[in-house]
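The lines below spell out each chain.
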Amino acid sequence: MDSMEIPKNIYLTGMPGSGKSTLGKALADKLQIAFFDLDHYIEEQAGKDINRIFNEDGEVGFRAIERKCLVTLGEKPDSKVLATGGGTPCFHGNIDYMNQMGATIFLQVPLEVIVQRLSQQGTDERPLLRDKTAKELLGQLHEHFAQRKSFYLQARIHLEGSSITLEQIIDALKIL
Ligand code: S3P
């Protein structure tokens, strides 16, 4: 791989099921830097899982913890890849914060493909999407995407398709 300056923070954003965690982990391995899954970090810090946070603290509480964890991770000195949650860029000015702190990447995967993936992965750990039929899930995803698109589009790099690759991400980072 040609040499490239690795940003302090590389943020992967996009809808649930767009491949942020899988591609993020692969990217971190390739660049030999740390990987953080923001949802997992939030669960560790809160001492409870995402479902329990939503049940006990509501979405407002979740978004507050999410913001705090995003800032804590962003300030860690070493380079890292962060897989954010689907809603992360849309609250508390997080997209501006991430654009200031590093490279932001929006993975735009067709919602029909996301429904298929989520049907396989399951939505038990996704409180905003659980207990829905495939049709209801697609409707919910369309609604969220309509609300979120303007935030996602503020990411510096956009990659679109049903099978975005690690190589595409690395190429985009090289010319950032
Ligand atoms: C959310 C997505 C989840 C998680 C939380 C809220 C959302 O992350 O942060 O359940 O608002 O879309 P994933 O995108 O990893 O599913």
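Refer to the structure above for everything that follows.
Residues numbered from 1 in each chain as written. Predicted model: local features only at pLDDT ≥ 70, side-chain atom pairs only at ≥ 80, totals over all residues. Heavy atoms only, no water.

### So, the site of the ligand
In step 1: Around the ligand, the surrounding shell holds 13 residues, and the nearest of these are Lys20, Asp39, Arg63, Arg126 and Arg148.
In step 2: Arg126 places a polar side-chain atom, nitrogen or oxygen, 2.6 Å from an oxygen atom of the ligand.
In step 3: Taking 390 Å² as the accessible area of the ligand by itself, protein coverage stands at 93%.
In step 4: Broken down by element, the shell around the ligand gets its largest block of residues, three residues, from helix 3 (residues 50-75). (Near = heavy atom within 4 Å. Polar contact = N/O pair within 3.5 Å; in protein donor to acceptor, adjacent residues only side chain to side chain. Areas by Shrake-Rupley, 256 points an atom, 1.4 Å probe, with all protein chains shown as cover. Helix = DSSP H or I, 4+ residues; strand = E, 2+ residues; numbered from the N terminus.)

### As for the packing of aromatic side chains
To describe a pair of aromatic rings, one takes the distance between the centres and the angle between the planes.
In step 1: Under the counting rule described, the total for this entry stands at four aromatic pairs.
In step 2: With centroids separated by 4.9 Å and ring planes inclined at 15°, the aromatic side chains of Phe106 and Tyr152 adopt a geometry described as stacked. Here the residue Phe106 occupies a position in strand 4 (residues 103-108), and Tyr152 occupies one in helix 6 (residues 134-152), the gap between them amounting to 46 residues. Residues Phe106 and Tyr152 agree in their burial class; the two are buried.
In step 3: Ring-pair connections join several aromatic residues into one group, and the members of that group are Phe106, Phe145 and Tyr152.
In step 4: Over the face of the ring belonging to Tyr97 we find Arg67, whose NZ or CZ atom lies 5.0 Å from the ring centre. (Phe/Tyr/Trp six-rings, centres within 6.5 Å; stacked < 30°, edge-to-face > 60°. Buried < 20%, exposed > 50% of the residue type's maximum accessible area, 1.4 Å probe, protein only. Lys NZ or Arg CZ within 6 Å of the ring centre and 35° of its normal.)

### A few points about the packing of helix 1 (residues 20-31) against helix 7 (residues 166-174)
In step 1: At a minimum axis distance of 10 Å, the contact between helix 1 and helix 7 shows a crossing angle of 60°. Considering the angle they form, helix 1 stands oblique to helix 7. The hand of the helix 1/helix 7 crossing is right-handed. Facing Leu23, Ala26, Leu27 and Lys30 of helix 1, the residues of helix 7 in contact are Leu166, Ile169, Ile170 and Leu173.
In step 2: Its residues assigned to classes, the contact of helix 1 with helix 7 comprises seven nonpolar, no polar and one charged. (Axes fitted to C-alpha atoms, helices over the stretch in contact; angles between N-to-C directions. Parallel < 35°, antiparallel > 145°, perpendicular 65-115°, else oblique. Left-handed = near helix turned anticlockwise from the far one by under 90°. Contact = heavy atoms within 4.5 Å. Nonpolar A, V, L, I, M, F, W, Y, C, P; charged D, E, K, R; others polar.)

### Overview of the sheet that holds strand 2 (residues 34-37)
In step 1: The strand order across the open sheet built from five strands is 2-3-1-4-5, with neighbouring strands paired in parallel fashion. The open sheet terminates on both sides in strands that have one partner only, identified here as strand 2 and strand 5 (157-160). Recorded for the sheet is a direction-independent mean angle of 20° between the axes of neighbouring strands.
In step 2: Taken together, the four bridges between strand 4 and strand 5 define a ladder with parallel strand orientation. (Pairing = 2+ DSSP bridges.)

### A few points about the nonpolar core
In step 1: Grouped together as the largest cluster of nonpolar side chains are 34 residues, with contacts concentrated most on Ile10, Leu27, Ile105, Leu141, Leu159, Ile169 and Leu173.
In step 2: At the level of secondary structure, the elements contributing two or more residues to this core comprise strand 1 (9-13), helix 1, strand 4, helix 5 (111-121), helix 6, strand 5 and helix 7.
In step 3: Beyond its immediate sequence surroundings of up to four residues, Leu173 is in contact with Met4, Ile10, Leu27, Ala103, Ile105 and Ile157.
In step 4: With 16 residues, the next largest nonpolar core counts Leu38, Ile42, Phe62 and Val71 among its residues. (Core = buried A, V, L, I, M, F, W, Y, C linked by side-chain atoms within 4.5 Å.)

### Overview of the environment of Thr22
In step 1: Along the polypeptide, Thr22 turns up in helix 1.
In step 2: On a C-alpha basis, the gap between Thr22 and Asp37 in space is 9.9 Å, while along the polypeptide they are 15 residues apart.

### Describing helix 2 (residues 38-46)
In step 1: Turning to helix 2, its buried residues number three or more, namely Leu38, Tyr41 and Ile42. Down the axis of helix 2, the buried set is contained in an arc of 100°. They therefore lie on one face.
In step 2: Each element contacted by the buried residues of helix 2 is listed here: strand 2, helix 3 and strand 3 (80-83).
In step 3: Structurally, the start of helix 2 carries an N-cap: the backbone nitrogen of Asp39 is 3.0 Å from a side-chain oxygen of Asp37.
In step 4: In the segment just after helix 2, Gly47 is the residue with positive phi, at about 70°. (Arc of directions from axis to C-beta.)

### Brief notes about the pattern of salt bridges
In step 1: Summed over all chains, the structure comprises eight salt bridges.
In step 2: Here Lys48 makes a salt bridge to Glu56, at a shortest N to O gap of 2.9 Å.
In step 3: Taking relative accessible area as the criterion, Glu56 reaches 46% and is therefore assigned partly exposed.
In step 4: Look at the salt bridges and you will find they share partners, linking Lys48, Arg52, Glu56 and Asp57 into a network. (Salt bridge = Lys/Arg side-chain N within 4 Å of Asp/Glu carboxyl O.)

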